[in-house]
Amino acid sequence: MGVAFVAGQYVPISSASIPITDWGFLRSDATYDVVTVWDGAFFRMDAHLERFMRSCQRWRLDPGLTPAQIAEILSQCVRLSGLRSSYVEMICTRGQPPWGSRDPRLALNQFYAFAVPYVWIANEQQRGAGLHVMVSDVQRIPATSVDPSAKNYHWNDLTMGLLGALDAGADSVLLVDAAGNVVEGPGFNVFCVSHGVLVTPNAGMLEGVSRRTVIEMAQSLGLPLQLRDLPADELRAADEVFLSTSGGGVLPVTMVDQRAIGDGTVGAITRQLVQTYWAWHKNPAYSLAIDYAL
Ligand SMILES: *Cc1c(COP(=O)(O)O)cnc(C)c1O
């Protein structure tokens, strides 16, 4: 059910483990990225590798590998797993400084990776009917404290928000910034269709590769688009709402805070974008086929 790359070795996912003293575990001191495989090919590998290297730089982490070497390790994880559709994660942790030292500069950074079956953030029923999402009271960690544009495991705000939303009977959660603008949720960006215009937040969130794909699809389909602040009240009153993530692409939202969005069914623009998202997986510019025979 998956293969991991740990300490330079490929191992079955069930026996992959990291040292308990790695600051990736003790301090959430790590960065990561997730690229997906669909029908035996990576989707937008270059964009994910580029972002991973940028995230590493932002947190002063060094994976000790070139993007080409990382791509080969990820391919080998998928190849050995035999998975045709896969969720492939690359991670760089701080590692641990020499015993007795607490100087992060002295730590030997570590690289890990794994390939597991494709992960959907929304199940089949939710993708058909649309998700019910709550806007949380939990504020996203300010961008001045932890830069949200570099992937990180500072997920306590996202996880507590998600627990609150699940307890209230919703499927997932969106967090706001200090000004009450919606920013993002646990592993996804958000869009709405407001007065005929696609709107997505432009600050305080990770620049998702799926978000970028939606932006490019909008441009190619001639859909008007604005990158700007998105007040929670505007989202609640929108005609359509959807999420974007490598964990499922474009995911429709048909209810926000117990109230129906539009007529409560998946909107026409959302449906068009879902279809285009999967069609674009066949575009050779975005697709990197895996040679399973090697
Ligand atoms: C990874 C992630 C996203 C979505 O990014 P994709 O590249 O589209 O998968 C959005 N928000 C957060 C906090 C994330 O970690």
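Residues numbered from 1 in each chain as written. Predicted model: local features only at pLDDT ≥ 70, side-chain atom pairs only at ≥ 80, totals over all residues. Heavy atoms only, no water.

K.L.:
Please explain helix α5 (residues 156-167) as it appears in this structure.
P.N.:
Along an α-helix, a turn takes 3.6 residues, which lines up residues three or four apart on a common side. The first and last C-alpha atoms of α5 sit 16 Å apart over twelve residues, in line with the 16 Å expected at 1.5 Å per residue. All of the buried residues along α5 are D157, L158, G161 and A165. Along α5, the residues classed as buried sweep out an arc of 95° about the axis, all on the same side. Exposed positions of α5 whose direction lies more than 90 degrees from the buried face are N156 and D167. Buried-residue contacts for α5 involve β7 (131-139) and β8 (172-176). Looking one or two places after α5, you find G169, whose phi comes out positive at around 95°. (Helix = DSSP H or I, 4+ residues; strand = E, 2+ residues; numbered from the N terminus. Expected span 1.5 Å × (residues − 1). Buried < 20%, exposed > 50% of the residue type's maximum accessible area, 1.4 Å probe, protein only. Arc of directions from axis to C-beta. Contact = heavy atoms within 4.5 Å.)

K.L.:
What am I meant to see in the environment of D157 here?
P.N.:
With respect to the helices and strands, D157 occurs in helix α5. Relative accessible area serves as the criterion here: at 7%, D157 is assigned to the buried category. Along the backbone, D157 and I141 are 16 residues apart, and their C-alpha atoms lie at a distance of 6.8 Å.

K.L.:
Please explain the sheet that holds strand β1 (residues 3-6) as it appears in this structure.
P.N.:
Hydrogen bonds between backbone atoms are what pair the strands of a sheet, whose relative direction is either parallel or antiparallel. Read across the open sheet, the seven strands follow the order β2-β1-β6-β5-β3-β4-β16; overall the sheet is antiparallel. With partners counted over all chains shown, the strands left at the sheet margins are β2 (9-12) and β16 (287-289), one partner each. Between one strand axis and the next, the sheet turns by 25° as a mean value, whatever way the strands run. Here eight bridges tie strand β5 (residues 86-93) to strand β6 (residues 110-117), and the two strands are oriented antiparallel to one another. Residue pairing in the sheet places I91 in a bridge with Y112 of β6. (Pairing = 2+ DSSP bridges. Axes fitted to C-alpha atoms, helices over the stretch in contact; angles between N-to-C directions.)

K.L.:
Is there a simple way to explain a nonpolar patch on the surface in this structure?
P.N.:
Together, I18, I20, F25 and L26 make up a nonpolar patch on the protein surface, roughly 410 Å² of accessible area in all. By the element assignment, L26 lies in helix α1 (residues 23-26). For L26, a relative accessible area of 45% translates into the label partly exposed. (Patch = residues over 30% accessible without salt bridge, like charges linked within 9 Å, V, L, I, M, F, W, Y side chains within 5 Å. Areas by Shrake-Rupley, 256 points an atom, 1.4 Å probe, with all protein chains shown as cover. Salt bridge = Lys/Arg side-chain N within 4 Å of Asp/Glu carboxyl O.)

K.L.:
In this structure, what is going on with the site of the ligand? I would like to understand it.
P.N.:
The environment of the ligand is made up of 16 residues, and the closest members are K151, E184, V209, S210 and S246. Within the contact set of the ligand, an oxygen atom lies 2.9 Å away from a side-chain nitrogen or oxygen of R51. The side chain of S246 places a nitrogen or oxygen atom 2.7 Å from an oxygen atom of the ligand. When the ligand sits alone it has 380 Å² of accessible area, and the protein chains cover 95% of it. Residue assignment for the shell around the ligand shows that the elements contributing at least two residues are α2 (45-58) and α6 (209-221). No fewer than three residues from each of domain 1 (3-117) and domain 2 (124-280) sit in the shell around the ligand. (Near = heavy atom within 4 Å. Polar contact = N/O pair within 3.5 Å; in protein donor to acceptor, adjacent residues only side chain to side chain. Domains from an automatic or database assignment.)

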